[in-house]
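Structural overview for review
These are the residues of each chain, in order.
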Amino acid sequence: QVQLQESGPGLVKPSQTLSLTCTVSNGSITTNSFYWSWIRQPPGKGLEWIGYIAYSGNSYYNPSLKRRASISRDTTKNQITLQLSSVPPEDTAVYYCVRDPSGGWGSYDYWGQGTLVTVSS
């Protein structure tokens, strides 16, 4: 069974860059047809899709976050990385790494457990 594990700092100061890593086990991030997304959920709010990186290495972002978000990968470590720059306190959320077998259409079959990131000075 595929497993996804998010890791990174739990506290980031405003205006700094948030950086999270998703380590994927029991499945390759380069396997054809799979997309790897980052999603977040602020306290008391709904889920927000941030962006994905495809098996091919192509990436695509939520237009509202495109200027600040960057998703990359390390195929030797089977890891996906999210960077979100110039973070305001409103970026406080639980961040999830998920697998999308639907070609980037937002149907997810595997989720990480999520990691809480707080943006505060």
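The structure we're discussing is the one just above.
Residues numbered from 1 in each chain as written. Predicted model: local features only at pLDDT ≥ 70, side-chain atom pairs only at ≥ 80, totals over all residues. Heavy atoms only, no water.

1. Structural notes on the state of the cysteines
For clarity, the threshold we go by: Defined by distance alone, a disulfide is two cysteine sulfur atoms within 2.5 Å. In this description a helix means any DSSP run of H or I spanning at least four residues, a strand means any run of E spanning at least two, and both kinds are numbered starting from the N terminus. Exposed residues in this analysis have more than 50% of their type's maximum accessible area, buried residues have under 20%, and partly exposed residues fall in between, with area computed by a 1.4 Å probe over protein chains only.
Summed over all chains, the structure comprises one disulfide. Across the disulfide, C22 is cross-linked to C97 (sulfur-sulfur distance 2.1 Å). Torsion about the S-S bond of the C22 and C97 cystine: about -75 degrees, corresponding to left-handed handedness. Taken together, the residues span a long stretch of sequence, with C22 in strand β3 (residues 18–25) and C97 in strand β9 (residues 93–100) at a distance of 75 residues. Judged on exposure class, the residue C22 and its partner C97 are both buried.

2. A few points about the pattern of salt bridges
Quick note on the threshold: Put simply, a salt bridge is a Lys or Arg side-chain nitrogen that is within 4 Å of an Asp or Glu carboxyl oxygen.
Under the counting rule described, the total for this entry stands at four salt bridges. Here R40 and E48 are joined by a salt bridge, their closest N and O atoms 2.7 Å apart. Take E48: its relative accessible area is 23%, and that puts it in the partly exposed class. When the shortest N-O distance is used, the salt bridge between R68 and D91 registers 2.7 Å. In this pair, R68 sits in the loop between β6 (59–61) and β7 (69–74) while D91 sits in the loop between β8 (79–84) and β9, placing the two residues 23 residues apart along the sequence. According to the relative accessible area criterion, D91 is buried, its value standing at 2%. Each of R40, E48, R68 and D91 takes part in a single network of salt bridges with overlapping partners.

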